[in-house]
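Each chain, written out:
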Amino acid sequence: YAGYVSLYNAILRGDDRALFLLWLKATQQCGYLDEPVPIPGGLNALGTELTDLAEFIDLDSHLIEAAAQHNPAPAAKLSSAPQVEYTKYLNQLTPDQSTHYLERLLTEDPHIARAELIKELRQYIPKPTKPADRAPLPSITYNQVQQIADERHEAHLRVEAEKRTAQRRAYFERLEGEADRMWKKARELIERKQTKAYEQAMEILYALKCLASEQDDEANFFKHTEELVAAYPR
């Protein structure tokens, strides 16, 4: 609950990342819409509250990464906290208004009462003489986010597949160098005539069979196993 209050306060201070994450999820569920929206900065460094929000709404992390790739800028600098900005206008309230909001803070949901108090105080804030000098944010459609996410996911799968291939190759290279010793070890284990030793021998033989399949040399594997069968018919 406290985390969501923090997100609410962050939105009031100009951090739109929570709203963007909710837009991503809502658009994903209702269909691939092609209406561009601004991408806030800082999506590649969400922090605890925003990460928890993304997990709570079950938002695909690949979508967040895709949007962050389109706008890698850091999060926008937030305005002053609401209580710092609005406290200097409290003296504009009448005594009845002050009593009204104090009673609400004590008897109702304080966050709702606080939000309405802020709304009341906003009318006393002088309007800026000109719009703030802020560079426009890059925009993106959901379809574009999904396309980037798919490309990133496919690239990730390729990297993982190459990694597994390299690990498999290294594994069988090690087996190849140990093959003679492993055949001897399997024979020694069989000679013990113990259940545990038989199981260990089977594990070794299975590894040797996989090596033979990898090298397309199963005939040599079966030649060795036939020798074992002949030596230990039971």
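Preceding this section is the structure that the text describes.
Below you will find a few notes about this structure. Because the structure is a prediction, the values reported are computed rather than measured.

1. A look at the overall build of the protein chain
The helix and strand inventory of the protein chain stands at 10 helices and two strands. Reading the secondary structure of the protein chain in the N-to-C direction produces α-α-β-α-α-α-α-α-β-α-α-α. The C-alpha atoms of the protein chain give a radius of gyration of 33 Å, which is well past the 17 Å a tight globule of 234 residues would have. Expressed as lengths along the three principal axes of its C-alpha atoms, the size of the protein chain is roughly 105 × 40 × 30 Å.

2. Section: the pattern of salt bridges
On inspection of all chains with the given rule, the structure shows seven salt bridges. Between Arg104 and Glu108 there is a salt bridge, with the nearest N and O atoms lying 3.0 Å from each other. A residue is classified by how much of its surface remains accessible, and Glu108, at 41% relative accessible area, is partly exposed. Of the charged contacts in the structure, one is a salt bridge between Lys163 and Glu160, with a shortest N-O distance of 3.5 Å. Here Lys163 and its partner Glu160 are both found in helix H8 (residues 142-192), three residues apart, which amounts to about one turn of the helix. Salt bridges sharing partners connect three or more residues here, namely Arg104, Glu108 and Glu116.

3. A look at the layout of surface pockets
Taken as a whole, the largest pocket spans an internal volume of roughly 330 Å³. Along its surface, the largest pocket is lined by 13 residues, and Ile190, Tyr198, Tyr232, Pro233 and Arg234 are the ones closest to its centre. When residues of the lining of the largest pocket are traced back to their parent elements, those giving at least two are helix H9 (195-214) and helix H10 (218-231). Of the residues in the lining of the largest pocket, the class split is 10 nonpolar, one polar and two charged.

4. Let's talk about the side chain of Lys25
Relative to the helices and strands, Lys25 resides in helix H2 (residues 17-30). Asp58 is the oppositely charged side chain nearest to the buried, salt-bridge-free Lys25, at an N-O distance of 4.6 Å. A distance of 2.9 Å separates a polar atom in the side chain of Lys25 from the backbone oxygen of Asp58. Setting aside residues no more than four positions away along its own chain, Lys25 makes contact with Ile57, Asp58 and Leu59.

5. A look at the nonpolar core
By size, the foremost hydrophobic cluster in this structure holds 24 residues, and its most contacted members are Leu21, Leu43 and Leu59. Counting only elements with at least two residues in this core, the list comes to H2, helix H3 (47-56), helix H4 (61-70) and H8. Top contributing element to this core by residue count: H4, with five residues. If near-sequence neighbours (up to four positions away) are discounted, Leu21 is found in contact with Leu43, Leu50, Leu53, Ala54, Ile57, Leu59 and Ile64. With 18 residues, the next largest nonpolar core counts Phe172, Leu205, Ala207 and Phe221 among its residues.

6. Regarding the environment of Thr87
By the element assignment, Thr87 lies in the loop between helix H5 (82-86) and helix H6 (95-107). Using a relative accessible area of 45% as the deciding quantity, one classes Thr87 as partly exposed. In this structure, the C-alpha to C-alpha distance between Thr87 and Leu121, residues 34 residues apart in sequence, is 8.8 Å.

7. Observations concerning the side chain of Asp15
One can find Asp15 in the loop between helix H1 (2-12) and H2. Within polar-contact distance, the side chain of Asp15 engages the side chain of Arg17 at 2.8 Å.

8. Side note on the packing of aromatic side chains
Within this structure, the stated rule accounts for four aromatic pairs. An angle of 45 degrees between the planes, with centres 5.7 Å apart, marks the rings of Trp183 and Phe221 as tilted. One end of the pair, Trp183, is in helix H8; the other, Phe221, is in helix H10, with 38 residues separating them in the sequence. Where Phe221 meets Phe222, the ring centres are 5.4 Å apart and the plane angle is 70 degrees; that geometry is what we call edge-to-face.

9. So, a negative patch on the surface
The grouping of Asp58, Asp60, Asp150, Glu151 and Glu154 at the surface amounts to a negative patch. Along the chain, Asp58 falls in the loop between H3 and H4. We classify Asp58 as exposed; its relative accessible area is 59%.

10. Let's talk about H2
Between its first and last C-alpha, H2 extends 20 Å over 14 residues, near the 20 Å set by a 1.5 Å rise per residue. Along H2, the residues that are buried comprise Arg17, Ala18, Phe20, Leu21, Leu24, Lys25 and Thr27.

Calculation criteria
- Residues numbered from 1 in each chain as written.
- Predicted model: local features only at pLDDT ≥ 70, side-chain atom pairs only at ≥ 80, totals over all residues.
- Heavy atoms only, no water.
- Helix = DSSP H or I, 4+ residues; strand = E, 2+ residues; numbered from the N terminus.
- Rg over C-alpha atoms; globule rule 2.2 N^0.38 Å.
- Salt bridge = Lys/Arg side-chain N within 4 Å of Asp/Glu carboxyl O.
- Buried < 20%, exposed > 50% of the residue type's maximum accessible area, 1.4 Å probe, protein only.
- 1 Å grid on protein atoms, 1.4 Å probe; cavity = no way out; pocket = protein on both sides within 12 Å on 5 of 7 lines; lining within 4 Å.
- Points joined across faces, edges and corners; volume = space filled by probe spheres on them.
- Nonpolar A, V, L, I, M, F, W, Y, C, P; charged D, E, K, R; others polar.
- Lys, Arg positive; Asp, Glu negative; His and termini not counted.
- Polar contact = N/O pair within 3.5 Å; in protein donor to acceptor, adjacent residues only side chain to side chain.
- Contact = heavy atoms within 4.5 Å.
- Core = buried A, V, L, I, M, F, W, Y, C linked by side-chain atoms within 4.5 Å.
- Phe/Tyr/Trp six-rings, centres within 6.5 Å; stacked < 30°, edge-to-face > 60°.
- Patch = residues over 30% accessible without salt bridge, like charges linked within 9 Å, V, L, I, M, F, W, Y side chains within 5 Å.
- Areas by Shrake-Rupley, 256 points an atom, 1.4 Å probe, with all protein chains shown as cover.
- Charge placed at Lys NZ, Arg CZ, Asp CG, Glu CD.
- Expected span 1.5 Å × (residues − 1).

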